[in-house]
Each structure stands twice: as C-alpha cells, then as structure tokens.
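# Per-entry structural report
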Amino acid sequence: MPTVVPVDDASIARAAALLREGKLVAFPTETVYGLGGDATNGQAVAAIYAAKGRPNFNPLIIHVADAVALDNLIEWNDIARLLAASFWPGPLTLILPRRKDAAISLLASAGLDTLAVRIPSHPAAQKLLRAVGLPIAAPSANASGKLSPTTPLHVAESLGDKADLILAGGRSQIGIESTVVNLAAGAPMILRPGGITREQLEMVLGQKIAVFEATATPDAPASPGMLASHYAPNIPVRLNAESAEPNEAWLAFGADKQIRPCAARLNLSPQGDLNEAAANLFAMLRELDKPAHAAIAVAPIPAIGLGVAINDRLQRAAVR
Ligand code: TXA
Ligand code: MG
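We now turn to the structure provided with this report. (Residues numbered from 1 in each chain as written. Chains lettered and ligands numbered in written order. Predicted model: local features only at pLDDT ≥ 70, side-chain atom pairs only at ≥ 80, totals over all residues. Heavy atoms only, no water.)

### Concerning the environment of lysine 208
To be explicit about the condition: Under the scheme used here, helices are H or I runs from DSSP no shorter than 4 residues and strands are E runs no shorter than 2 residues, and both carry numbers assigned from the N terminus. Buried, partly exposed and exposed residues are distinguished by accessible area as a fraction of the type maximum, computed with a 1.4 Å probe on protein chains only: under 20%, between the cut-offs, and over 50%, respectively.
Relative to the elements of secondary structure, lysine 208 occurs in the loop between helix H6 (198–205) and strand S11 (210–211). Residue classification places lysine 208 among the exposed positions, given a relative accessible area of 69%. Residues lysine 208 and proline 188, spaced 20 residues apart in sequence, show a C-alpha to C-alpha distance of 9.2 Å.

### With respect to the sheet that holds strand S1 (residues 4–6)
Counted only if it meets this: Two strands are said to pair when DSSP picks up at least two bridges between them. We call two residues contacting when some pair of their heavy atoms lies within 4.5 Å. Orientation is described by axes fitted as lines to C-alpha atoms, over the contacting stretch for helices, and by angles from 0 to 180 degrees between their N-to-C directions.
Strand order in the open sheet formed by eleven strands is S1-S8-S2-S3-S7-S4-S6-S5-S9-S10-S11, and the pairing between neighbours is mixed. With partners counted over all chains shown, the strands left at the sheet margins are S1 and S11, one partner each. The pairing of strand S9 (residues 179–182) with strand S10 (residues 189–192) spans three bridges and is antiparallel. Bridge assignment links valine 180 to a residue of S10, and that residue is arginine 192. Along the sheet, helix H3 (residues 78–87) contacts strand S5 (92–97) and S9; its crossing angle with S5, the most-contacted strand, is approximately 160 degrees.

### Considering the side chain of arginine 98
Filter applied, for reference: In this count, Lys and Arg are taken as positive residues and Asp and Glu as negative ones, while His and the chain termini are left out. A side-chain nitrogen of Lys or Arg and a carboxyl oxygen of Asp or Glu constitute a salt bridge if their distance falls within 4 Å. Within 3.5 Å is the distance limit for a polar contact, defined as a pair of N or O atoms, with the added protein rule that one can donate a hydrogen and the other accept it, and that residues adjacent in sequence qualify only through two side-chain atoms.
With respect to the secondary-structure elements, arginine 98 resides in the loop between S5 and strand S6 (114–118). Buried charged residue arginine 98 carries no salt bridge. Nearest counter-charge: aspartate 113, at 6.4 Å. Within the structure, the side chain of arginine 98 is placed 2.5 Å from the backbone oxygen of isoleucine 104, a separation counted as a polar contact. Discounting chain neighbours no more than four positions away, the residues touching arginine 98 are Leu73, Ile104, Ser105, Leu106, Ser109, Leu112, Asp113, Thr114 and Leu115.

Note that every value here comes from positions in space, so none of it alone points to a role or purpose.
Put into structure tokens, the structure is as follows:
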C-alpha cells in the first residue's frame, strides 16, 4: 500500500527529506499530480522512469519555487522573462537552453542541450519546492501511457507503492498538463497545448505563435520531447558488442569481459544495475565521444525494466 498523507508542515518536511535522500514523492500541482525526484541526482531520475515504466527517456520538466532558482540552470532571454512575469507561477513550461554548468542530471533532459522548466502555483507544490531547495524533476504521476492523475487516489491506483510518499492536496484545479512552449530555437512554438491557451500567450507576446503539429509530416516525432534533436554521439556507436577493438572506446555493463587494451573504457554499472546504468548513460556516451576513437562499442543491455529505455536510446544513438 502506498503511503498517502495530507499536506501539512510535518508531511512537507518528511517529503522534502525523502527527496533529498533520492526517494520519489508524488505531489499535487494545479495541473496534474507530479511524481517528483531530485533532478540533480541521476539515480533518483532513473527511479522516476522506472516507476512510470516509460519505454523511452522522454525528457522531464524541472520544477522550482521561483524564477531566481532558474538562474543557475537555464539561459534567460527576453521572451522567457516576459512569459515568466505573466504566467508564473502557473501552468506554463518553458524550454530554454541549458546552462553548461547546470547541476541537472543529463538523464532528466534525455541528453538534450535544453531544459523544460516550470514554476507551479499550487500552494503545496510551492511549499514542497521551498522546503527541499532542489530542482525537482516531475512527470505526471501515472504509469506510462495511462491518464494523468488529478487526485491522490488516481496516483495510488496508477503507481501503487512506487512513489515513496503521496502528498494528498485535493483535486488538481486545472486538470490538464501545462502548456509547453519552446523558446530555445527560433520563434516561440507551442509543443504541447495545456493550461495556458494560445490566445493568452499571443496577447502577452503581441504576435502569433505556431503550434507544433505531430501529424504535419509522416516522419514527425511522436513526442514533443523528440522535436529538439537528441544528443547523438559524433562517432559511430556499435551495439551488443562482445568486446571493443583496440581503436574503439568500450562501454561495459556488469562484469567487464574486455581483456585486451582499447582506446578508452567506462562501465555503465559494474553491478549490472539498470537504474545506475540509466543514470550514467548520457554522461558516459558524452565522455567517450572523442574524435580519436573509431567508435563506441557498447556491451549488450538486458531489455527488461529500464533496459528497454536504455536500448531505445542506444538504438537512436547508433543511427547515423
Ligand atoms: O503540468 C505538467 O506539466 C505536469 C506537472 C506534474 O508539472 N508534468 C508533466 O510532465 O506533464 P510530463 O513528463 O508528463 O511531460 C513533459 C513534456 C513532454 O511532452 C516532454 O516531451 C516535454 O515536456 N519536454 C520536456 N523536456 C523537454 C525539452 N528539453 N525539449 C522539448 N520538450 C521537452
Ligand atoms: Mg505525462
């Protein structure tokens, strides 16, 4: 049985402590309930994907209490300032360039050079974010492919005890997710319609804003997160490798069977832990992506649990 507690000072303190330990807390927002984890902790972020049973690493929204908390995470621009002043706290998510020194797990943004950021208005979400003092990655608190939850009961039914704590704060007032607006490249574009309407945005911007149409082209990416091109290594990626050639970099998983010398080597998880492997995946691919290496040879990853999403990402990285 999941632990469901009403929002009060004690439960907020408990939730904040759990988040600092890398645990997962479901919490109310004005849009839908979120499944939160410490966005700076790769293992906590991996646990979010595992809890939702996501078959791929769709990037997550980073939640903070106020705009100042974003200064170390993203590169501001004028339109972002304007939309932030007009709609935050509230049901708007902005995609902005990620600062190079942002202390956010690469897994949270699925290896992208951008971050999705949001300041929720729900009082319990505000209290929690202030108490924890960390950026919180939070997708909707439902199993992958299921409806977004707007009550604590929905969360409990969908996730069971995969959330370490469920903060019960009543019914989400808006009931649909935040509007996602891309401000990282070119003219602003709505990637996902949501709680703030196109008209509201156009009023403030004083200009028309385009809406991303998934059906416009047959090859269009299915999820808005796929719009921005995912990080792909510059050198070839060779999957399900038994071992690396001398001029290749070796990315092992579990007991390392590579005996002969190779150009470089890292291990996603010496213990064969898929959570740890997911947390390390993007950072290790980046580290091995050197022109001096002929390719990155990657050991087989079991296609179970988070291994499904890891293999999905590796297959994308291997397509050239
Ligand atoms: O209302 C909401 O936004 C809720 C509450 C909990 O805040 N959260 C939510 O998260 O709906 P999620 O993970 O279910 O949806 C995140 C959306 C996805 O469509 C994802 O593709 C997009 O945001 N996204 C996240 N990071 C992105 C990025 N760097 N570039 C483009 N799209 C991104
Ligand atoms: Mg969702």
